[in-house]
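Commentary on secondary and tertiary structure
Next come the chains, spelled out residue by residue.
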Amino acid sequence: MNKSMETAEVAKQNRAYAEALAELLYQFADDDFIISFRGSEWLGLAPFIEEDVAFSSITQNTMGHATMFFQLLEELGEGDADALAHARKVDERRSSVYLEKMNGDGHYIEEPDYDWALAVVRNFLYETMKRVKLQAAMKSTYQPLANMATKIIMEQTYHLAHWKLWMEQLLGATDEAKEKLLSRLDEAWEEFGDALSLGPKASDIAKFGILIEEETFKQYWLEEVKKTLPAKYATIPKKSLGNGREGMHGEDLQQAINIFTEVYQIDEQAVW
Amino acid sequence: MYHYIEGADSIQNVSTDEEKYEHFMQRINNGEKVEANDWMPDDYRTALIRLISMHGVSEIMGALPEKEWTPKAPSLKRKLAIMAKVQDEMGHGQLLLRVAEDLQKPFGTTRKEVMEDLLTGKIKFHNVFHMKTKSWADAAIIAWLVDGAAIITQTNMLNASYGPYQRALQRICAEEVFHAQHGEALVMALANGTKKQREMLQEAFSRWWDSLIMFFGPPSPKVTGSSRQDIMIKYKIRINTNEELRQAFFDKYIPRVKALGLEIPDKTLTFNEDTKEWTYAQPNWDDFKQIINNHGPRSKARLRLREIAHENSRWVRRALAEEEAVV
């Protein structure tokens with residue numbers, strides 16, 4: 001039985017524990033941050049106004065979750081939350097490469113040729129993964145994380161329900177819609193893999209009871225998505241885009257960084 | 001003008017409608033609220049549909065200039081605030097289009113027509129949302145002063161005779177107050193910031209000055225050849241004229257702008273102690289006419305975003321139409 005760590009101060013006394021914990025917190029924070037960023041590019045472009053309202057609400061909540069995770073990292077002595085969100089270089093980031101992918105061709109201000117099928121598939125797979133991860137985190141030995149996961153999951157339940165409904169509705173609708181979703185699902189089964197990785201410290205993360213074993217985590221996720229998806233999606237997805245958990249990212253993350261640091265980098269010391 | 005029903009064949013009908021009209025005017029003059037299913041004159045209904053759909057699409061189009069800065073917001077706190085704001089604007093758009101839809105029923109039109117009319121230019125969106133944004137300071141000025149101006153025009157209708165609109169405005173105004181506070185916080189941070197930040201703020205303020213004057217519309221209907229101010233006032237939808245609202249905006253914001261040390265681009269702006277009115281240089285109202293006809297700096301580009309959204313998600317609407325009617 002692992003000992004519960006009540007505070008950041010206690011956790012920091014065990015270096016291996018603190019390192020494994022930080023690794024996991026970066027995954028949580030960076031995933032939420034980047035998917036929320038991609039969501040914010042969608043504003044005003046959703047299929048109808050009600051969806052714009054719902055999607056932007058989820059996006060905003062998700063940025064709130066990212067902020068909470070960055071604050072946990074700040075407490076652990078990793079640096080200022082805003083600097084962690086904005087100033088880290090590409091290879092320091094731990095987000096899943098699949099979550100970083102651009103929403104489609106074009107730019108969010110000029111000719112955004114975005115694909116709703118990608119939005120639905122990506123958010124459904126991600127929110128299911130996040131839920132499984134949060135459920136495990138609720139029992140974490142790191143008490144501040146367990147408390148935060150308990151709080152976040154209350155909102156996140158609605159996020160998952162939202163995307164699950166989209167998935168079910170579109171898979172059960174016209175052939176055209178079904179084909180678009182299946183094509184994005186096929187793509188996701190090539191690329192989503194790194195989202196399910198717990199990174200280079202996976203064994204310590206499990207050993208210290210910060211989260212569960214990576215393999216168990218993957219299986220829980222698969223069991224969940226199988227309830228909604230066609231039977232052919234019964235294996236763990238591959239990582240053809242690379243592994244963001246190990247700091248391997250594509251050009252799309254750099255594209256995102258260039259946008260979200262445009263104002264921040266004018267003067268990193270200034271108060272905005 | 002009140003229109004009699006075409007083909008009404010008996011004196012009885014006409015007098016009944018006249019009675020209905022008298023009764024209607026009596027109700028609104030007594031401060032009662034008209035509800036969606038109540039009898040109302042056609043020109044009242046038409047004026048409301050125009051006003052509320054324009055207000056609705058303006059909320060939606062109005063989210064777009066700030067959306068340009070949402071992914072670029074420079075701190076976690078600012079990201080959360082601006083995301084909340086643009087989400088609110090979309091929510092206002094949805095709420096208002098629902099109110100308009102109820103009024104449209106007797107005409108057999110729906111939100112689908114409103115959104116299509118926006119793309120073809122038949123329905124206009126507010127002149128202020130056709131303008132360019134250039135820096136983060138523009139997002140600050142928009143939230144502080146454009147929302148501030150919107151609060152003034154909407155407060156003018158907070159007691160509007162049409163109940164569903166009046167209730168929607170109560171909620172919208174309450175949220176707009178938060179937006180203006182968010183804007184004020186952004187402006188304060190820049191005003192108290194580095195030299196570069198102060199310069200950004202001054203440039204943005206100067207850039208938006210004419211747009212803020214134009215926000216309230218021309219002082220006289222002669223400028224654009226038409227104005228619905230009179231009918232709106234007669235039917236107790238709004239209280240004050242464009243010019244009165246602009247004066248109220250100056251009263252409220254000029255002292256604050258000066259207190260921040262911002263330079264006002266109009267050197268002729270003065271307050272007349274006798275008349276208690278501000279005199280100011282008129283913006284180019286020919287430009288205004290161009291802007292409201294979708295020939296402003298960003299009119300086409302922002303409409304193009306709505307058009308792409310509409311085209312790219314046609315398959316989604318087709319898919320959902322099998323289960324439920326979604327426009």
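This text follows the structure it describes.
The present account deals with the structure reproduced in this document. (Residues numbered from 1 in each chain as written. Chains lettered and ligands numbered in written order. Predicted model: local features only at pLDDT ≥ 70, side-chain atom pairs only at ≥ 80, totals over all residues.)

**Details of the overall build of chain B**
Per the secondary structure count, chain B includes 12 helices and 2 strands. Starting at the N terminus and ending at the C terminus, chain B contains elements arranged as α-α-α-α-α-α-α-α-α-β-β-α-α-α. Here the C-alpha atoms of chain B give a radius of gyration of 21 Å, agreeing with the 20 Å that 2.2 N^0.38 yields for 327 residues. Counting the 327 residues in chain B, one finds 41% classified as buried. A sequence separation of at least 24 residues applies to 74% of the contacts in chain B between residues at least 6 apart. (Helix = DSSP H or I, 4+ residues; strand = E, 2+ residues; numbered from the N terminus. Rg over C-alpha atoms; globule rule 2.2 N^0.38 Å. Buried ≥ 20, exposed ≤ 12 C-beta atoms within 10 Å, placed from the backbone. Contact = placed C-beta atoms within 7 Å.)

**A word on the nonpolar core**
Among the nonpolar cores identified, the biggest contains 164 residues, and Val120(A) and Ala140(B) are the most heavily contacted of them. Apart from the residues within four sequence positions on either side, Ala140(B) is in contact with Gly183(B), Leu186(B), Val187(B), Leu190(B), Leu201(B) and Ala204(B). (Core = buried A, V, L, I, M, F, W, Y, C linked by C-beta atoms within 7 Å.)

**Here's the deal with the interface of chain A and chain B**
Taken together, the contact between chain A and chain B spans 47 residues of the former and 44 residues of the latter. Of the residues forming the side of chain A that touches chain B, the biggest block, 12 residues, is contributed by helix α3 (residues 49–75) of chain A. Partitioning the side of chain A that touches chain B into residue classes produces 27 nonpolar, 10 polar and 10 charged. (Nonpolar A, V, L, I, M, F, W, Y, C, P; charged D, E, K, R; others polar.)

**What to know about the environment of Gln104(B)**
Residue and element names in this part refer to chain B. Inspection of the secondary structure assignment puts Gln104 in helix α3 (residues 76–104). For Gln104, a count of 20 C-beta atoms within 10 Å translates into the label buried. Considered as a pair, Gln104 and Glu322 are 218 residues apart in the sequence and their alpha carbons are 24 Å apart. Those residues in contact with Gln104 that sit more than four places away from it in its chain are Ile49, Thr109 and Thr110.

**Description of the packing of helix α2 (residues 15–41) of chain A against α3(A)**
All names here are of chain A. Look at α2 against α3: their axes get within 8 Å of each other, and the N-to-C directions meet at 155 degrees. Looking at the two axes, α2 sits roughly antiparallel to α3. Considering the relative orientation of α2 and α3, their crossing is left-handed. Taken together, the residues of α3 that come into contact with α2 (itself represented by Ala22, Leu25, Tyr26, Phe28, Ala29, Asp32, Phe33, Ile35, Ser36, Gly39 and Ser40) are Phe55, Ile58, Thr59, Thr62, Met63, His65, Ala66, Phe69, Phe70, Leu72 and Leu73. For the contact of α2 with α3, the class distribution of residues is 15 nonpolar, 6 polar and 1 charged. (Axes fitted to C-alpha atoms, helices over the stretch in contact; angles between N-to-C directions. Parallel < 35°, antiparallel > 145°, perpendicular 65-115°, else oblique. Left-handed = near helix turned anticlockwise from the far one by under 90°.)

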